Amino acid sequence: MTSSHTDCHFCLQPLRGRKYALRDENAYCVPCYDSLYANPCEECKQPIECSSKDLAYKGRHWHEGCFRCAKCRRSLVEKPFAAKDEVLLCTECYSDEYSSKCFHCQKTIMPGSRKMEFKGSSWHESCFVCQHCQQPLGTKPLITKDNENYCVPCFEKQFAHHCYACKKVITSGGVAYHDQPWHQECFVCAGCKTQLSRQRFISKDEYPYCVDCFSKFHAKKCAACKKPIAALGGTKYISLEERHWHGECFSCTKCSVSLVGQEFLTRQDDILCHKCGSA
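Residues numbered from 1 in each chain as written. Predicted model: local features only at pLDDT ≥ 70, side-chain atom pairs only at ≥ 80, totals over all residues. Heavy atoms only, no water.

Let's hear about the environment of Tyr177: which residues, and what values?
Relative to the elements of secondary structure, Tyr177 occurs in strand E11 (residues 175–177). Judged by its relative accessible area of 6%, Tyr177 falls in the buried class. Along the primary structure Tyr177 and Tyr164 are separated by 13 residues, whereas in three dimensions their C-alpha atoms are 9.3 Å apart. The contact partners of Tyr177, leaving out residues within four places of it in the chain, are Trp182, Phe187, Phe201, Ser203, Glu206, Tyr207 and Pro208. (Helix = DSSP H or I, 4+ residues; strand = E, 2+ residues; numbered from the N terminus. Buried < 20%, exposed > 50% of the residue type's maximum accessible area, 1.4 Å probe, protein only. Contact = heavy atoms within 4.5 Å.)

Right, dumping it as structure tokens:
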């Protein structure tokens, strides 16, 4: 441009009839302005003269013709691009070199598109869906089975065990009894309702009982002392026809001598040692 400014602020040469540039309200002839203020081009290292278009990105500058993809050399002017280690790349080259591949479709996840990450793998947002209902998972809770992702309702419907007692889903832990799953809190004694998941129990008619309740309701009764014969703990007992005795209770009705391992006789409901039975 031409100006009414008289002289170049730096070299003091007259500006009348010459092109000039303004900086901080001072006028400079073009050669002085370029030597003092022109930015060096990142590509060709030559100054970007005031007559040229200066393209800037993060404090660096390029001639318009030098602003190109470092790999394919296509112009990046007015086009989307990405930077990697200060190198500029078009989106296609950047994707080929650095972008993640979708775990589901194996296609590139383009820069700028939303990416979902889970267990070290990446998905397109549209590919990150429940395997069963195909609804987007986004940031919803999910469960993985055989490398496939499921929303919680679909997983529970397809795979989760349901408690034999309350019929609700068992989300963790659980107890197996007669090939059926139970919540720990639902697996209780059929008699006193005490939880059995951490104690010994006895099965009777497909129902579990704690030792005390089994002894109370179902254990054999000693014919001598009438007390239950414990079902666990290795207790020895003697059976004769329909009657049962504790080992320590199996003795002669008359003289009370132990008959365990001895010959004995029976008379009606009595059991007698050989001596008392022969008297």
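Quick rundown of the domain arrangement of the protein chain? Include the residues and the values.
Under the domain assignment used here, the protein chain contains domain 1 (20–96), domain 2 (99–158), domain 3 (161–217) and domain 4 (221–278). Placing the centre of domain 1 and that of domain 2 at their C-alpha centroids yields a distance of 41 Å. (Domains from an automatic or database assignment.)

Give a description of the confidence of the model for the protein chain that names residues and reports values.
The predicted structure's coordinates, where accompanied by low pLDDT, should not be read in detail. For the protein chain, per-residue confidence averages 83 on the pLDDT scale, and residues scoring 70 or more make up 95% of the total. Between the elements of the protein chain, mean pLDDT differs from a low of 75, seen in helix H4 (residues 211–217), to a high of 94, seen in strand E4 (residues 60–63). (pLDDT = per-residue confidence, 0-100.)

Let's hear about the side chain of His63: which residues, and what values?
Position of His63 among the secondary structure elements: in strand E4. A relative accessible area of 16% places His63 in the buried class. With residues up to four places along the chain from it excluded, the contact list for His63 reads Cys41, Cys44, Gln46, Pro47, Ile48, Ser52, Lys53 and Leu55.

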